[in-house]
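Okay, here's what each chain looks like letter by letter:
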Amino acid sequence: MSELMKVPTMAEMTANGEVPEILFWVGCSGSFDDRAKKITKAIVKILNKCNVKFAVLGTEESCTGDPAKRSGNEFLFQMQAMMNIQVLNGYEVKKIVTGCPHCFNTLKNEYSELGGNYEVVHHTQLIQSLIEDGKLTVAGGDTFKGKKITFHDPCYLGRGNDVYEAPRQMLQSLDAELAEMKRCRTKGLCCGAGGAQMFKEAEKGNKEVNVERTEEALGLKPDVIATGCPFCNTMMTDGVKNKDKENETQVMDVAELIATAADL
Amino acid sequence: MISIIIFAILLLVGFGVFALNAGKIRSNILMGRDVNRSDRKSERLKVMTLVAFGQKKMFKRPIPAILHFFLYAAFVITQIELIEIIVDGITGDHRVFRASLGGFYTFMISFIEILSVLAFIGTAIFLIRRNLLHIPRFRMSEMKGWPKLDGNLILILEIILLICIFTMNGSDEVLYNRGASHAETLGDESFGFAISQFVGPALFSGLSDSALITLERIGWWGHIVMVFIFLNYLPFSKHIHIILAFPNTFYSKLTKKGQFTNMESVTNEVKLMMDPEADPYAAPPSDEAPPERFGAKDVQDLSWKNLLDAYTCTECGRCTAACPANQTGKLLSPRKIMMDTRDRLVEKGKGIRKNGKDYDDGKSLLNDYITEEELWACTSCMACVEECPVNIDPLNIIMDMRRYLVMEESKVPTELAGMLSNVENNGAPWQFSQDDRLNWKDEN
Ligand code: SF4
Ligand code: SF4
């Protein structure tokens with residue numbers, strides 16, 4: 001791990017008369033969840049390394065309202081959305097990258113009808129394009145060469161927004177063995193966190209969804225289960241612990257894998 | 001002459017009753033709320049062509065897709081023969097198109113016969129699959145009783161229809177060989193239809209002319225009667241999908257699956273709340289319609305597209321087989337959501353037609369059909385939407401019902417209530433202060 005991260009806020013940049021290329025929407029998980037904060041930092045390091053001129057909203061950021069919308073509280077969702085849109089439009093934000101597929105989906109698809117029109121990308125799309133443009137080389141640090149990695153498709157990245165390739169291309173650049181679960185891409189099984197399930201006990205049943213999904217992933221005996229969503233990360237990590245496999249299989253975000261491989 | 005009159009009556013009653021029941025379905029669907037799905041017409045046409053006509057999504061499972069395609073193709077193509085039967089029936093003619101179409105006629109009927117054989121095989125396999133193989137999606141609780149019978153009945157009807165076709169063509173072939181058919185002789189000795197030229201002589205050559213004529217008539221009448229039974233059975237069966245799959249895919253949601261509907265009624269209120277200039281005590285304009293219920297409690301709170309979805313559902317269960325909640329033993333089954341919506345709509349529609357527009361039977365889709373437990377088990381993963389071969393969106397109904405529960409009845413699972421109040425008070429689903437949002441930057 002190397003030098004200090006540079007994380008300018010929108011307010012600071014504006015005060016200096018600067019305009020960032022892109023706003024990094026960190027999200028609630030990325031800001032507060034201990035595991036997800038590591039993903040946030042990995043993304044920042046990559047952005048720093050590639051000299052991407054970005055900014056965060058910092059304390060001006062608030063929940064996108066996604067969990068409110070999925071649990072049926074449209075009022076609360078729209079209040080959150082309109083407050084965020086006021087802030088975003090106030091800074092004349094044009095382009096956003098998110099660290100979470102739920103924020104990505106909400107900002108990209110559900111803010112436009114409320115007056116927020118932005119070009120929104122998920123961090124896997126941005127990082128993949130940095131690799132493609134030769135701005136980021138994945139070599140130097142821990143190598144994943146020959147390691148077996150399987151990618152778990154987050155619902156709101158895959159089915160929700162048809163992004164299936166960017167994370168896979170990133171993994172390919174690691175020279176690892178990419179193993180697919182039977183239920184992948186459009187058929188990917190949910191981790192169990194969506195639809196605000198993350199915040200409640202599951203209904204009565206005979207199994208937890210995350211256990212079902214983790215069993216499928218572990219069936220491939222992977223070294224790494226890669227995800228692109230902080231919620232999937234939590235669910236899969238819990239699943240791996242539930243099966244006592246923490247020593248054999250790690251759950252990591254694709255951004256973390258890239259950052260580690262690039263020695264950031 | 002008598003047979004022409006009987007035929008005309010059959011035709012009138014057959015189409016008339018169907019039109020009546022189709023009209024009821026239409027008016028039931030129109031009970032739903034409005035939603036605009038008339039934009040991007042050419043894109044819609046493309047979706048319909050691929051998904052309904054080309055059955056694109058069926059081919060994710062190639063074997064049932066091919067068998068289903070045989071049934072479907074045979075069904076579509078037999079309609080051509082049906083036109084001839086209708087013309088023959090009204091005019092008292094026999095194989096009226098044969099003389100004018102000549103070789104093409106032979107080709108066409110042969111084509112129908114070959115497809116019919118394939119359809120026969122498909123139907124037999126489907127019957128075995130439904131009844132003898134242990135495929136979980138055909139054996140879930142919502143498939144007990146009528147849905148199961150419905151699935152079998154239609155396959156049996158199909159088989160009878162196919163038998164009628166071959167009885168008709170086969171016995172006519174033998175008659176034609178003997179120069180005793182009513183069809184015009186075109187200087188040949190066989191109709192030359194691909195299957196019946198062999199099946200006919202093999203099965204029926206021992207029969208007398210008069211027995212053959214009777215048999216041919218039984219096949220002919222059997223065919224047309226089966227067609228009308230089938231047609232009039234459709235409005236009460238999941239098989240209405242052979243018609244509704246087309247409009248249903250045409251009116252598909254074209255936006256990303258992740259984009260859930262925006263509630264404009266809420267937007268207006270939120271705007272008022274956030275507008276510092278708005279007068280909170282202002283009286284609402286008097287010509288304003290009474291406010292709509294938020295979300296959906298009963299079928300008329302859903303959109304017409306949701307209701308069209310419900311009628312279109314084929315009960316195939318692909319959605320439920322892919323549903324993570326269902327796979328892990330939860331009560332939720334997206335197929336059941338669709339079947340419940342349809343059953344309730346039929347019930348409500350009947351009541352309204354009988355007792356007037358404001359009829360209330362004290363029942364509703366929520367509670368009497370769909371329970372809160374089912375609704376809260378959904379992870380909103382969109383697998384059901386992705387899987388459905390006719391582009392049905394069960395998730396949209398689940399979400400609208402959650403909206404009703406939360407916004408009208410404040411019925412939220414306790415942990416979710418905590419999460420929601422966190423979002424409201426500190427802008428995050430957990431109890432962290434918004435002022436601490438950037439703390440991660442300086443932590444290690
Ligand atoms: S969106 Fe809900 S109902 Fe549909 S498959 Fe996922 S969990 Fe099941
Ligand atoms: S909703 Fe679609 S996938 Fe589900 S049972 Fe009906 S037709 Fe099949």
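Residues numbered from 1 in each chain as written. Chains lettered and ligands numbered in written order. Predicted model: local features only at pLDDT ≥ 70, side-chain atom pairs only at ≥ 80, totals over all residues. Heavy atoms only, no water.

K.L.:
I would appreciate a short explanation of the overall build of chain A in the present structure.
P.N.:
Per the secondary structure count, chain A includes 11 helices and 8 strands. In terms of C-alpha radius of gyration, chain A reaches 18 Å, essentially the compact-globule figure of 18 Å for 264 residues. If you line up chain A on its principal axes, its C-alpha atoms span 50 × 45 × 30 Å. Expressed as a percentage of the 264 residues in chain A, the buried residues total 63%. Within the structure as shown, chain A displays about 9,900 Å² of accessible surface, and the carbon and sulfur contribution to it stands at 47%. Within chain A, the 37 negative side-chain charges are centred at a point lying 4 Å from the centre of the 31 positive side-chain charges. (Helix = DSSP H or I, 4+ residues; strand = E, 2+ residues; numbered from the N terminus. Rg over C-alpha atoms; globule rule 2.2 N^0.38 Å. Buried < 20%, exposed > 50% of the residue type's maximum accessible area, 1.4 Å probe, protein only. Areas by Shrake-Rupley, 256 points an atom, 1.4 Å probe, with all protein chains shown as cover. Lys, Arg positive; Asp, Glu negative; His and termini not counted. Charge placed at Lys NZ, Arg CZ, Asp CG, Glu CD.)

K.L.:
Help me understand the site of ligand 2 in this model?
P.N.:
Residues and elements named next belong to chain B. Around ligand 2, the surrounding shell holds 13 residues, and the nearest of these are Cys 313, Cys 316, Gly 317, Cys 319 and Cys 388. Mapped onto the shell around ligand 2, the elements with two or more residues apiece are α12 (318-322) and α14 (334-355). The residue inventory of the shell around ligand 2, partitioned by class, reads 8 nonpolar, 2 polar and 3 charged. (Near = heavy atom within 4 Å. Nonpolar A, V, L, I, M, F, W, Y, C, P; charged D, E, K, R; others polar.)

K.L.:
Looking at this structure, how should I read the sheet that holds strand β8 (residues 250-253) of chain A?
P.N.:
Adjacent strands of a sheet form backbone hydrogen bonds with each other and so pair up, either parallel or antiparallel. Residue and element names in this part refer to chain A. Overall, parallel pairing links the 4 strands, which are arranged β6-β5-β7-β8 in an open sheet. At either margin of the open sheet sits one strand with a lone partner, and together these are β6 (177-179) and β8. For this sheet the average axis-to-axis angle between neighbouring strands, irrespective of direction, equals 35°. Relative to β8, strand β7 (residues 224-227) runs parallel, the two being bridged by 4 bridges. (Pairing = 2+ DSSP bridges. Axes fitted to C-alpha atoms, helices over the stretch in contact; angles between N-to-C directions.)

K.L.:
Any chance you could explain the confidence of the model for chain B here in plain terms?
P.N.:
Note that predicted coordinates carrying low pLDDT should not be read in detail. Residues with a pLDDT of 70 or more make up 97% of chain B, whose mean pLDDT is 93. In the predicted complex, the global pTM is 0.95; the interface-specific ipTM is 0.96. (pLDDT = per-residue confidence, 0-100.)

K.L.:
For this particular structure, what's the right way to read the sheet that holds strand β2 (residues 54-55) of chain A?
P.N.:
All names here are of chain A. Pairing within the open sheet is parallel, and its 4 strands lie in the order β2-β1-β3-β4. Across the chains shown, the open sheet's two edge strands, defined by having one partner strand only, are β2 and β4 (119-122). In terms of strand pairing, strand β3 (residues 95-98) meets β4 through 4 bridges, oriented parallel. In the sheet register, Ile 96 faces β4, and the bridge partner there is Val 120. Lying on the sheet, helix α3 (residues 34-49) is in contact with β1 (22-25) and β2; it crosses β1 at an angle near 165°. (Contact = heavy atoms within 4.5 Å.)

K.L.:
Looking at this structure, how should I read the pattern of salt bridges?
P.N.:
Working definition: two side chains of opposite charge can pair if their charged atoms are close together. All told, the structure shown has 51 salt bridges over all chains when counted by the stated rule. The salt bridge involving Glu 212 of chain A is made with Arg 183 of chain A; its shortest N-O contact spans 2.9 Å. Here Glu 212 of chain A, found in helix α9 (residues 209-218), pairs with Arg 183 of chain A, found in the loop between β6 and α9; they are 29 residues apart in sequence, far enough to count as distant. Residue Glu 212 of chain A is classed as buried on the basis of its relative accessible area of 17%. With its nearest N and O atoms 3.3 Å apart, the salt bridge here joins Asp 343 of chain B to Arg 342 of chain B. Three or more residues joined by partner-sharing salt bridges are found here, namely Arg 183, Lys 207, Glu 212, Arg 213, Glu 215, Glu 216 and Lys 243 of chain A. (Salt bridge = Lys/Arg side-chain N within 4 Å of Asp/Glu carboxyl O.)

K.L.:
Explain the domain arrangement of chain B here, please?
P.N.:
Interface size, as often reported, equals the accessible area lost upon joining of the parts. Residue and element names in this part refer to chain B. What the domain assignment reports for chain B is domain 1 (31-38 + 257-266 + 292-431) and domain 2 (61-250). At the junction of the two partners, domain 1 supplies 22 residues and domain 2 supplies 16 residues. Together, the buried faces of domain 1 and domain 2 total about 1,600 Å²; carbon and sulfur atoms form 54% of this surface. Looking at the side of domain 1 facing domain 2, the largest losses of area belong to Glu 315, Arg 318 and Arg 335, adding up to 28% of the total buried there. The interface formed by domain 1 and domain 2 contains 1 salt bridge. A salt bridge links Arg 335 to Glu 142; the shortest N-O distance between them is 3.1 Å. (Domains from an automatic or database assignment. Buried area = accessible area lost by both parts, 1.4 Å probe.)

K.L.:
Explanation requested: the interface of chain A and chain B in the structure shown.
P.N.:
Contact with chain A, which involves 73 residues of that partner, is made by 62 residues of chain B. In this structure, the connection of chain A to chain B is made through 5 salt bridges. Two residues, Lys 187 of chain A and Glu 387 of chain B, come together in a salt bridge whose shortest N-O distance is 3.0 Å. Run the count over chain A and chain B and you get 35 residue pairs in polar contact (both at pLDDT 80 or more). Looking at the side of chain A that touches chain B, the elements that each hand over two or more residues are α2 (27-32), α3, α4 (66-70), α5 (74-90), α6 (101-110) and α9 of chain A. If one sorts the elements of the side of chain A that touches chain B by residue count, α5 of chain A sits on top with 9 residues. (Polar contact = N/O pair within 3.5 Å; in protein donor to acceptor, adjacent residues only side chain to side chain.)

K.L.:
Looking at this structure, how should I read the site of ligand 1?
P.N.:
Neighbouring residues of ligand 1: 13 residues in total, closest Cys 323, Cys 378, Thr 379, Cys 381 and Cys 384 of chain B. Residue assignment for the shell around ligand 1 shows that the elements contributing at least two residues are α17 (383-387) and α18 (394-408) of chain B.

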